[in-house]
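Okay, here's what each chain looks like letter by letter:
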Amino acid sequence: MLSQTVAAIEAEGCPVFTFAPTTAAAKVLRKEGFGNAATLQSLIISEESQAQIKGGVLLVDEAGMIGVPQMKRLMEVAAAQGARVALIGDGQQHGSVERSDVNVLHILERHAGLAPFTLSDIRRQRDAAYRAAVADLSCGRIAEGFDKLEAIGAFREVEDDAARYGQIAEDYLALAQEGKEVLIVSPTHAEGAAVNDAVRRRLKDAGLIEADEHSLPQWANLNATIAERRQARFYAPGMMVGFVRGCAGFKVGERLTVTGRDEDGYVIAETTNGDAVRLPLTQAECFQVFEERRLNLAVGDLVRLTKNGFGVHGEALVNGTVARVDGFTNNGDITLEDGTIIEHGFGHLTYGYCLTSHASQGRTVDAVLVAQSSLSAGAASPEQVYVSVSRAREEVRIYTDDAEAMKDTLTSGRHAMSATDVLKSGPEAEDPDRPRRIKVYQKMMNVHWRRKRERLRQAAEATRSRSADLIGTLRSTWARLAAPLSLSRPSIHWRPAP
């Protein structure tokens, strides 16, 4: 459909320039035949690129992911060059992460009076019943969508966390061995990490991942807001600051390590050359903040890049790319199946088995497995479940501990609101469904904390049992050693903490 749209515009004598919010999305456009596709940021920061679009049409794909400030800048650039803008996207999907998931297309429809042209036919899902469920979710009909998903047997309700993650791992392996492209999606990083661990254990048991692991540095994005990054008290020694755009004398891709604060309260960081510099907090939009963790990788592992960069030989590393580890060089660099070599200290990697719904947006696979228990209740939303469920062509499976509570949470949820939405709603616009939503959320949290208390009780019982075994071993050892010497046994008293 995109190709036909561009052809129709160009037939009228208008040049078309294609853009996308991310490097990965721009790469997809280029693969689909749009050779001049570029990132939106490259247009905004380059006067040369802006001059080239004069009098043309700017076609922006995945436009719902654009933040409000970036959209404002895009419109300013287009107005200055006499260009028109065509935004393509899905208003029901996730919006900008940095702008609290608000979809900018919603704002344009609600408050700018722009009536969109819509495509009502869904082509990704091949099964009619599955396609009908996705259609309901895309229109915000959560209850109806869930009823249809239940009718096709999509739900797998397993109360025990370990058993549920184990089932996901088994199903992932079985589907992969059938030759299907499989994706696991979870609303939160925490639940996704538990799923990744379970999948890796199962793949190791099956011999698909080697037992020998390499421990690598991992720079985990703290996902701090611009407001948080502007506060000196936010920073701690050891944090890494990475620049995503040039400013205040720093280049794109430059890294600094936070060392502390000076006597005037400014945050001090160290460059890769060992120089001490002040962090430009007033330009916090230019950088992201990370903390160092460790990532264990083995040959056969699936990894996902979390930042753009370059390989050892200059290969482009695109944020969001999923690839398989083929080996390691003698100095510990990572070799991927396509021959790309990633430097050992690159750090912007994570496991690629289970993705958040934000990271999965734009991907299409054969089968999607959705891991969504009460642990992720706080991140559940209509946008999230629509994106998660709609990734597959053939099959969806939803793994949860309480399907009814999950349905209640989502049917009680609301789409993310912009600041304009809040202001226009006014204090008199009381949410009539708020008491029920609070009750549902409390129910989910009660389930979560009940299970957590049970796990703590089991851990305490296991510790008590191990301690009793240890005391028994000490006593028997003393008796065996002391008997030839006619020594009396010392008294050992142990009482577990209440």
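Residues numbered from 1 in each chain as written. Predicted model: local features only at pLDDT ≥ 70, side-chain atom pairs only at ≥ 80, totals over all residues. Heavy atoms only, no water.

Under an unreviewed UniProt entry, the name given to the chain is UvrD-like helicase C-terminal domain-containing protein, and the organism recorded is Entotheonella factor.

Here we come to the overall build of the chain. What the chain contains, in helices and strands, is 16 helices and 22 strands. Burial statistics for the chain: of 498 residues in total, 42% are counted as buried. Carbon and sulfur atoms provide 51% of the accessible area of the chain, an area that totals close to 26300 Å². (Helix = DSSP H or I, 4+ residues; strand = E, 2+ residues; numbered from the N terminus. Buried < 20%, exposed > 50% of the residue type's maximum accessible area, 1.4 Å probe, protein only. Areas by Shrake-Rupley, 256 points an atom, 1.4 Å probe, with all protein chains shown as cover.)

For the rest of this paragraph, the subject is helix α9 (residues 161-177). Here α9 is 17 residues long and its end C-alpha atoms lie 24 Å apart, about the 24 Å a rise of 1.5 Å per residue gives. Of all the positions in α9, only D161, R164, Y165, I168, A169, D171, Y172, L173 and L175 are classed as buried. Two or three places before A162, at the start of α9, stands the capping residue D160, its side-chain oxygen 3.3 Å from that residue's backbone nitrogen. G179 sits one or two residues past α9 and shows a positive phi near 90 degrees. (Expected span 1.5 Å × (residues − 1). Polar contact = N/O pair within 3.5 Å; in protein donor to acceptor, adjacent residues only side chain to side chain.)

With that out of the way, let us pick up unusual backbone geometry. We note that N223 has phi near 50 degrees; this positive angle belongs to a residue other than glycine. Along the chain, the position of N223 falls in the loop between β7 (214-221) and α11 (226-229). Phi at A248 is positive, roughly 50 degrees, even though this residue is not glycine.

If you look at the biggest cluster of nonpolar residues, it comprises 36 residues, and the most contacted ones within it are Y172, L297 and I334. The dominant element in this core, judged by the number of residues it contributes, is α9, at six residues. Non-local contacts of Y172, meaning those with residues more than four positions away in its chain, are made with V182, I184, V199, L203, L302, Y353 and L369. One finds L137, L355, V365 and M406 within the second-largest nonpolar core, a separate group that totals 24 residues. (Core = buried A, V, L, I, M, F, W, Y, C linked by side-chain atoms within 4.5 Å. Contact = heavy atoms within 4.5 Å.)

We now examine the packing of aromatic side chains. One pass over the structure, following the stated rule, counts five aromatic pairs. Ring geometry for Y172 versus Y353: centroids 6.0 Å apart, planes at 85 degrees, classification edge-to-face. Here Y172 is found in helix α9, whereas its partner Y353 is found in the loop between β19 (349-351) and β20 (354-356), with 181 residues between them in sequence. The burial state of Y172 is the same as that of Y353; both residues are buried. With centroids separated by 4.7 Å and ring planes inclined at 15 degrees, the aromatic side chains of F243 and F250 adopt a geometry described as stacked. Taking relative accessible area as the criterion, F243 reaches 0% and is therefore assigned buried. (Phe/Tyr/Trp six-rings, centres within 6.5 Å; stacked < 30°, edge-to-face > 60°.)

Moving on to the sheet that holds strand β3 (residues 57-60). Across the sheet, four strands lie side by side as β2-β1-β3-β4; this open sheet has parallel pairing. In the strand order of this sheet, the two ends are held by β2 (38-39) and β4 (84-87), each with one partner. Where strand β1 (residues 16-20) and β2 come together, two bridges link them in parallel fashion. The residue of β2 that forms the bridge with F19 is A38. Helix α1 (residues 2-11) contacts β1 and β3 of the sheet and is inclined by roughly 175 degrees relative to β3. Here helix α2 (residues 23-31) sits on the sheet and contacts β1 and β2; the angle it forms with β1, its principal contact strand, is near 140 degrees. (Pairing = 2+ DSSP bridges. Axes fitted to C-alpha atoms, helices over the stretch in contact; angles between N-to-C directions.)

All right, on to the pattern of salt bridges then. One pass over the structure, following the stated rule, counts 23 salt bridges. Between R164 and D161 there is a salt bridge, with the nearest N and O atoms lying 2.6 Å from each other. Placement of the pair is R164 and D161 together in helix α9, with a separation of three residues, close to one helical turn. Assessed through its relative accessible area of 11%, D161 is described here as buried. Of the charged contacts in the structure, one is a salt bridge between D171 and R397, with a shortest N-O distance of 3.3 Å. On the criterion of sequence distance, the pair formed by D171 in helix α9 and R397 in strand β22 (residues 392-400) is long-range, its members being 226 residues apart. (Salt bridge = Lys/Arg side-chain N within 4 Å of Asp/Glu carboxyl O.)

Among the secondary structure elements, Q231 is positioned in the loop between α11 and β8 (240-243). A relative accessible area of 33% means that Q231 is categorised as partly exposed. Sequence-wise, Q231 and L281 are 50 residues apart; in three dimensions their C-alpha atoms are separated by 7.2 Å.

Time to look at the sheet that holds β20. Read across the open sheet, the five strands follow the order β5-β22-β21-β6-β20; overall the sheet is parallel. Each edge of the open sheet is held by one strand with a lone partner, namely β5 (155-157) and β20. For this sheet, the mean inter-axis angle between neighbouring strands, taken without regard to orientation, is 25 degrees. In terms of strand pairing, β5 meets β22 through three bridges, oriented parallel. Its bridge partner lying in β22, R156 is registered against Y399. Against the sheet, α9 touches β6 (182-186), β21 (365-371) and β22, its axis set at about 160 degrees to β22.

Tracing the chain through its elements places Q125 in the loop between α6 (104-111) and α7 (128-138). Here A392 takes part through its backbone oxygen, which lies 2.9 Å from a polar atom of the side chain of Q125. Dropping the residues within four chain positions of it, Q125 is found in contact with Y130, R131, V134, S390, A392 and R393.

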